[in-house]
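Chain residues, written in single-letter form:
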Amino acid sequence: MQKLLSEIRGCKVCKEHLPLGPRPIVTAHQNSKIVIIGQAPGTKVHKTGVPWDDPSGEQLRKWLGISDEVFYDASKIALIPMGFCYPGKGKSGDLPPRPECAPLWHKPLLSKMPNVELVILIGRYAQNYYLGKAAKKTLTETVKAYKSYLPDYFPLPHPSPRNRFWLTKNPWFEERVIPVLKKRVADIV
């Protein structure tokens, strides 16, 4: 696992497309029980090198009902983005994750984690990649249908502060989905 993580952290496959240069961000361990697959690091995470070290990460940890200590214990939780490096800025936020990363690195990483009990899919990129045709037409429909993806996958919206509007518009998410998520995570870790 350490050799693979070193290879990933040294990856420069798409460096010409990265405005801040390559800095692959990933944490994983052969004993990881939960895998969280997000989108791509933002500028703050690119600077610190710590995954989910931003307001989105704070919100995600609240949703999961776990401490920073548990969240950053790679033997419990692997943090694997769809795109390992900051992709750059777009018109309405960060650009999509680079398409090279997931096909290149996800399968080798997951094959080295035989104890995974749950994969949490954050956002459309992760959901479309892992759920394929089983993903619904919209993120909202996919998240609403979360029970149909259990016990393997748990789809979530992105916990970004930019999603306050979505959370306000969909109160069922925090009322009905988050308690199930917290229990599932607590049972595993």
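Our structure is the block above this text.
Residues numbered from 1 in each chain as written. Predicted model: local features only at pLDDT ≥ 70, side-chain atom pairs only at ≥ 80, totals over all residues. Heavy atoms only, no water.

Attention now moves to the sheet that holds strand E6 (residues 153-156). Hydrogen bonds along the backbone pair up the strands of a sheet, which may run parallel or antiparallel. Taken in spatial order, the 4 strands make up an open sheet running E2-E1-E5-E6, and their pairing is parallel. With one partner strand each, in any of the chains shown, strand E2 (77-81) and E6 form the two edges of the open sheet. Recorded for the sheet is a direction-independent mean angle of 20 degrees between the axes of neighbouring strands. When strand E1 (residues 34-38) meets strand E5 (residues 118-122), the two strands line up parallel, connected through 4 bridges. Residue pairing in the sheet places Ile36 in a bridge with Ile120 of E5. Contacting E1, E5 and E6, helix H9 (residues 171-188) crosses the sheet at an angle of about 140 degrees to E6. (Pairing = 2+ DSSP bridges. Helix = DSSP H or I, 4+ residues; strand = E, 2+ residues; numbered from the N terminus. Axes fitted to C-alpha atoms, helices over the stretch in contact; angles between N-to-C directions. Contact = heavy atoms within 4.5 Å.)

The phi angle of most residues is negative, glycine excepted, and most peptide bonds adopt the trans form. Cis peptide bonds are those with omega within 30 degrees of zero, and the linkage from Leu150 to Pro151 qualifies with 10 degrees. When you line up the elements, Pro151 lands in the loop between helix H7 (139-144) and E6. Unlike most non-glycine residues, Trp52 shows phi in positive territory, near 60 degrees. Structurally, Trp52 is set in the loop between helix H2 (43-48) and helix H3 (55-64).

The next subject is the nonpolar core. By size, the foremost hydrophobic cluster in this structure holds 28 residues, and its most contacted members are Ile36, Leu60, Leu64, Ile120, Leu156, Phe173 and Leu181. Among residues more than four places away in sequence, those in contact with Leu156 are Leu60, Trp63, Ile120, Leu121, Ile122, Gly123, Gln127, Leu139, Val143, Phe173 and Leu181. Counting residues in hydrophobic clusters, the runner-up holds 26 residues, among them Ile37, Leu109, Val119 and Leu121. (Core = buried A, V, L, I, M, F, W, Y, C linked by side-chain atoms within 4.5 Å. Buried < 20%, exposed > 50% of the residue type's maximum accessible area, 1.4 Å probe, protein only.)

Here we take up the environment of Ile122. One can find Ile122 in strand E5. Relative accessible area serves as the criterion here: at 0%, Ile122 is assigned to the buried category. Ignoring sequence-local partners within four residues, the contact set of Ile122 consists of Ile36, Ile37, Gly38, Gln39, Trp52, Leu60, Gln127, Leu156, Pro157, His158 and Pro159.

Turning our attention to the environment of Cys11. Mapped onto the elements of the fold, Cys11 is located in the loop between helix H1 (2-9) and E1. Its relative accessible area of 15% is what places Cys11 among the buried residues. Note: C-alpha distance between Cys11 and Cys85 (74 residues apart in sequence) is 9.6 Å. With sequence-adjacent residues up to four places away left out, Cys11 is seen in contact with Pro22, Pro24, Leu104 and Trp105.

Quick look at the packing of aromatic side chains now. Scanning all chains against the criterion turns up 8 aromatic pairs. An angle of 65 degrees between the planes, with centres 5.1 Å apart, marks the rings of Tyr129 and Tyr130 as edge-to-face. Classification of Tyr129 by relative accessible area gives partly exposed; the value is 39%. The buried category is assigned to Tyr130, whose relative accessible area is 17%. Seen in terms of ring centroids, Tyr146 and Phe154 are 5.0 Å apart; in terms of plane orientation they differ by 20 degrees. Their pairing is stacked. In this structure, Tyr146 and Phe154 share a single accessibility class: buried. Through a chain of ring-to-ring contacts, three or more aromatic side chains come together here, namely Trp63, Trp166, Trp172 and Phe173. Across from the ring centre of Phe71, 4.9 Å away, lies the NZ or CZ of Arg61, which sits over that ring. (Phe/Tyr/Trp six-rings, centres within 6.5 Å; stacked < 30°, edge-to-face > 60°. Lys NZ or Arg CZ within 6 Å of the ring centre and 35° of its normal.)

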